[in-house]
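Below, each chain spelled out in residue letters.
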Amino acid sequence: EANHLLMQEKLPAVRWVGGVELELLAIATGGRIVPRFQELSEAKLGKAGKVREISFGTTKDRMLVIEECANSKAVTIFVRGG
């Protein structure tokens with residue numbers, strides 16, 4: 001699996017990101033979307049300063065936070081009510 005091969009090279013990968021979110025991540029990080037692992041190259045990798053997962057709420061919902069992207073001009077405000 002591609003995630004395993006990337007982790008062996010100390011390159012964290014995220015599974016199951018799709019649609020608009022994947023395109024926005026590529027734009028923000030300067031990366032390219034590749035359909036097959038064999039087409040991956042250093043030139044197609046994006047860059048981010050921090051990638052972290054946070055959990056919140058009583059159900060421990062999880063959210064991936066990607067920060068310090070070179071091309072990002074967006075801010076996310078997360079509001080949750082109970």
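This is a predicted model, so every value here is computed, not measured. (Residues numbered from 1 in each chain as written. Predicted model: local features only at pLDDT ≥ 70, side-chain atom pairs only at ≥ 80, totals over all residues. Heavy atoms only, no water.)

Broken down by element type, the chain carries two helices and two strands. From first element to last, N terminus to C terminus, the chain shows the α and β order α-α-β-β. Across its three principal directions, the C-alpha atoms of the chain cover 45 × 30 × 25 Å. The buried share of the chain, taken over its 82 residues, is 11%. Taking the contacts inside the chain whose residues are at least 6 apart along the sequence as the reference set, 21% of them involve residues at least 24 apart. Taken as a whole, the chain presents about 7,200 Å² of accessible surface, with 55% of it coming from carbon and sulfur. (Helix = DSSP H or I, 4+ residues; strand = E, 2+ residues; numbered from the N terminus. Buried < 20%, exposed > 50% of the residue type's maximum accessible area, 1.4 Å probe, protein only. Contact = heavy atoms within 4.5 Å. Areas by Shrake-Rupley, 256 points an atom, 1.4 Å probe, with all protein chains shown as cover.)

Before going further, it helps to spend a moment on a nonpolar patch on the surface. Together, V14, V51 and L64 make up a nonpolar patch on the protein surface, roughly 240 Å² of accessible area in all. Checked against the element boundaries, V51 lands in strand β1 (residues 48-56). (Patch = residues over 30% accessible without salt bridge, like charges linked within 9 Å, V, L, I, M, F, W, Y side chains within 5 Å. Salt bridge = Lys/Arg side-chain N within 4 Å of Asp/Glu carboxyl O.)

This part is about unusual backbone geometry. The phi angle at K60 is positive, at roughly 55°, despite the residue not being glycine. Its location among the elements puts K60 in the loop between β1 and β2 (61-69). Non-glycine residue E68 carries a positive phi angle of around 60°. Mapped onto the elements, E68 comes out in strand β2.

Within the secondary structure, T29 sits in helix α2 (residues 19-29). Polar contacts involving the side chain of T29 include one to the main-chain amide nitrogen of G31, which spans 3.4 Å. Aside from chain neighbours lying at most four places away, what touches T29 is G46, K47, A48 and C69. (Polar contact = N/O pair within 3.5 Å; in protein donor to acceptor, adjacent residues only side chain to side chain.)

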